[in-house]
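One-letter residues, chain by chain:
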Amino acid sequence: MADTTAQVVDANPIINYPYSEPTRHWDFREDGPPIVVEGRRVAGYLPPDTSGSGQLTITGDLVPLDLVNDLRDRVRAWRADGYIGATNVTRELFSRWFDEDREPGLRPFFAQQEAMETIAFLAEAPADRRVGLVIPRVEAFERWCAKMATGSGKTLVMAMTIAWSALNKVVNPTDHRYADAFLVVCPNLTVKERLAGLDPHRRPHNEYQSFDLIPPNYQPLLGQARVMVANWHVLAEDKDPPRSVLRRGRESDAAFCRRVLGTTLGGKRRIVVLNDEAHHAYRHKTAAKRGEDAAEAERATVWIDGLARIHRDREVLRCLDFSATPIYVSGTGHEPGSLFEWVVSD
């Protein structure tokens, strides 16, 4: 039996259909080769090795992500019940995006679908479906993190999120659960170029066209969305303001927002922030004093402080984080190797 399992691993380790929830998983054992086990793997992470060996083994003790596992169950039931409480816009979009007959290449994988559904669930599900659900709040604004492996399609989930929020806002302007203004923050210029397609006004192609996300009746409405894609550096304080006869001191939050958000978002308020590679955006409890740690601490501080200033002047409706590794590292004052407390999907 062990030899057969090993041959299966070598032949094809993929044991689930990519467009539906996993029903089996590989159980990696210490006393033999991996075997297939029925049921979905529990969401969790492996703590860092403390033996000094520098090795991380997949047979270690898994730390379960209780919030993620709870939400998986709630979202699964919500899906099965036809998204009770969702708006008509949300139902139309989900019907289009997650249609079993949708063309491969356009249909999101289940990992992408579940991440989008979780965000919508938190905003739209009836109160009785969210009883006992607590997402730790570490900032003045709300943060939800979708943990998605590199290559699993974060950009498409971000595009779906923008379309979902913007179209709901345009159709129901007084519904404060949604916004039509978006600030997408990324760690470098390479990623910024990759995310440029999140702007629906980009021509000739953007993510919404490439994945045929928008139903024909909503296509004119998406043009009302305003999306700004920026490198985290724009959130730095202006330390060399224009010279003037009267020195006005530190840049005010209002001036900061006018400078950072520019003409793209203009005077927009109630902004949805989407952080790509969001493991770079969190508060360090202790100051890093040298080398790469200090550089990372500075980036994290600039990033999160800049968002806090936008929230004070314009209001951040919610901050949606996307990262393969939303993990605290050593030297930050947080438990090394632990995940951000606001991870809601894995």
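Our structure is the block above this text.
The structure presented is a predicted model; accordingly, all values stated were derived computationally and were not measured. As a convention, each chain's residues are numbered from 1 in the sequence order in which they are written. Reporting in this predicted model follows two pLDDT cut-offs: at least 70 for local features of residues, and 80 or more for side-chain atom pairs to be given and counted; totals over whole chains, interfaces and linings ignore these cut-offs and use all residues. The basis for the side-chain values is all heavy atoms of the structure; hydrogens and waters are excluded.

Comments concerning the sheet that holds strand 8 (residues 271-276)
Then, number 1: The pairing criterion for strands is at least two bridges between them, as found by DSSP. A helix here means a DSSP run of H or I that spans at least four residues, while a strand means a run of E at least two residues long, and both kinds are numbered starting from the N terminus. With parallel pairing, the six strands of this open sheet are ordered in space as 7-6-8-9-5-10. The open sheet has two edge strands with one neighbour each: strand 7 (226-231) and strand 10 (343-345). Going from strand to strand, the sheet's axes swing by 25° on average, the running direction of each strand aside.
Then, number 2: Strand direction decides the pairing type here: strand 5 (residues 143-147) and strand 9 (residues 316-323), joined by five bridges, are parallel. From the neighbouring strand, Cys145 faces strand 9, where its bridge partner is Asp321.
Then, number 3: By definition in these notes, contact holds between two residues if any of their heavy atoms fall within 4.5 Å. Each axis is a line fitted through C-alpha atoms, taken for helices only over the stretch in contact, and angles between the N-to-C directions span 0 to 180 degrees. Across the face of the sheet, helix 4 (residues 110-124) comes into contact with strand 5, strand 9 and strand 10 while running at roughly 115° to strand 10.
Then, number 4: Its contacts with the sheet put helix 5 (residues 154-171) on strand 6 (181-186), strand 7, strand 8 and strand 9, and the angle it makes with strand 9 is roughly 165°.

Comments concerning the side chain of Glu21
Then, number 1: Inspection of the secondary structure assignment puts Glu21 in the loop between helix 1 (2-11) and strand 1 (24-27).
Then, number 2: For Glu21, a relative accessible area of 17% corresponds to the buried category.
Then, number 3: Under this definition, polar contacts are N or O atom pairs within 3.5 Å; protein pairs additionally need one hydrogen-donor-capable and one acceptor-capable atom, and for neighbouring residues in sequence, both atoms have to be side-chain atoms. Reaching out from Glu21, the side chain makes a polar contact with the side chain of Arg40 at a distance of 2.8 Å.
Then, number 4: Here the side chain of Glu21 touches Arg76 through a polar contact of 2.7 Å, side chain to side chain.
Then, number 5: Once you skip the residues sitting within four places of it in the chain, Glu21 turns out to touch Arg40, Arg76, Arg79 and Phe110. Partly exposed residues are those whose accessible area sits between 20% and 50% of the maximum for their type, while under 20% is buried and over 50% is exposed, using a 1.4 Å probe and protein chains only.

Overview of unusual backbone geometry
Then, number 1: Residue Pro204 follows Arg203 across a cis peptide bond; omega there is 10°.
Then, number 2: Here Pro204 lies in the loop between helix 6 (189-194) and helix 7 (207-210).
Then, number 3: For Tyr83, which is not glycine, the phi dihedral falls at a positive 55°.
Then, number 4: Turning to its location among the elements, Tyr83 is positioned in the loop between helix 2 (66-80) and helix 3 (88-97).
Then, number 5: The class of Tyr83 is buried, set by a relative accessible area of 12%.

A closer look at helix 5
What sets the pattern is the α-helix's 3.6 residues per turn: residues three or four places apart point alike.
Then, number 1: Here the expected span of a helix is defined as 1.5 Å times the quantity of residues minus one. A rise of 1.5 Å per residue sets the reference length of helix 5, with its 18 residues, at 26 Å; its end C-alpha atoms lie 26 Å apart and thus fit the reference within 8%.
Then, number 2: Across the 18 residues that make up helix 5, a large majority, 17, are buried.

Examining the layout of surface pockets
Empty space among the atoms can be located by rolling a probe the size of a water molecule over them.
Then, number 1: Estimates place the volume of the largest pocket at around 1200 Å³.
Then, number 2: Contributing to the lining of the largest pocket are 43 residues, with Pro22, Arg40, Arg41, Arg72 and Asp346 lying nearest its centre.
Then, number 3: Residue assignment for the lining of the largest pocket shows that the elements contributing at least two residues are strand 1, strand 3 (44-45) and helix 4.
Then, number 4: Under the grouping applied here, Gly and all other residues not named as nonpolar or charged are polar, the nonpolar ones being Ala, Val, Leu, Ile, Met, Phe, Trp, Tyr, Cys and Pro and the charged ones Asp, Glu, Lys and Arg. The residue makeup of the lining of the largest pocket, split by class, is 24 nonpolar, eleven polar and eight charged. Both site types are read off a 1 Å grid over the protein atoms alone. A 1.4 Å probe that fits but cannot get out defines a cavity, while an open set with protein on both sides within 12 Å along at least five of seven lines defines a pocket; lining residues have an atom within 4 Å of a point. Grid points are joined across faces, edges and corners, and a volume is the space filled by probe spheres set on the points.

Some words on empty space enclosed by the protein
Then, number 1: Counting across every chain of the model gives one cavity of 30 Å³ or more.
Then, number 2: One number sums up the size of the largest cavity: a volume of about 40 Å³.
Then, number 3: Counting residues per element, the ones that place at least two in the lining of the largest cavity are helix 2, helix 4 and strand 10.
Then, number 4: Among the elements that make up the lining of the largest cavity, the one with the highest residue count is helix 2 (four residues).
Then, number 5: Of the residues in the lining of the largest cavity, the class split is four nonpolar, two polar and three charged.

Examining the pattern of salt bridges
Then, number 1: Whenever Lys or Arg places a side-chain nitrogen within 4 Å of a carboxyl oxygen from Asp or Glu, that contact is recorded as a salt bridge. Per the stated rule, a full pass over the model turns up 25 salt bridges.
Then, number 2: For Lys154, the salt bridge identified is with Asp276, shortest N-O distance 3.1 Å. Separated by 122 residues along the polypeptide, Lys154 in helix 5 and Asp276 in strand 8 bring together distant segments of the chain. Considered together, Lys154 and Asp276 belong to a single accessibility category, that of buried residues.
Then, number 3: Between Arg250 and Glu237 there is a salt bridge, and its shortest N-O distance comes to 3.3 Å. With Arg250 in the loop between strand 7 and helix 9 (253-265) and Glu237 in the loop between strand 7 and helix 9, the pair connects residues that are 13 residues apart, well separated along the chain.
Then, number 4: For Arg250, a relative accessible area of 55% puts it in the exposed group.
Then, number 5: Several salt bridges converge on common partners, so that one network encompasses Glu21, Arg40, Asp73, Arg76 and Glu114.

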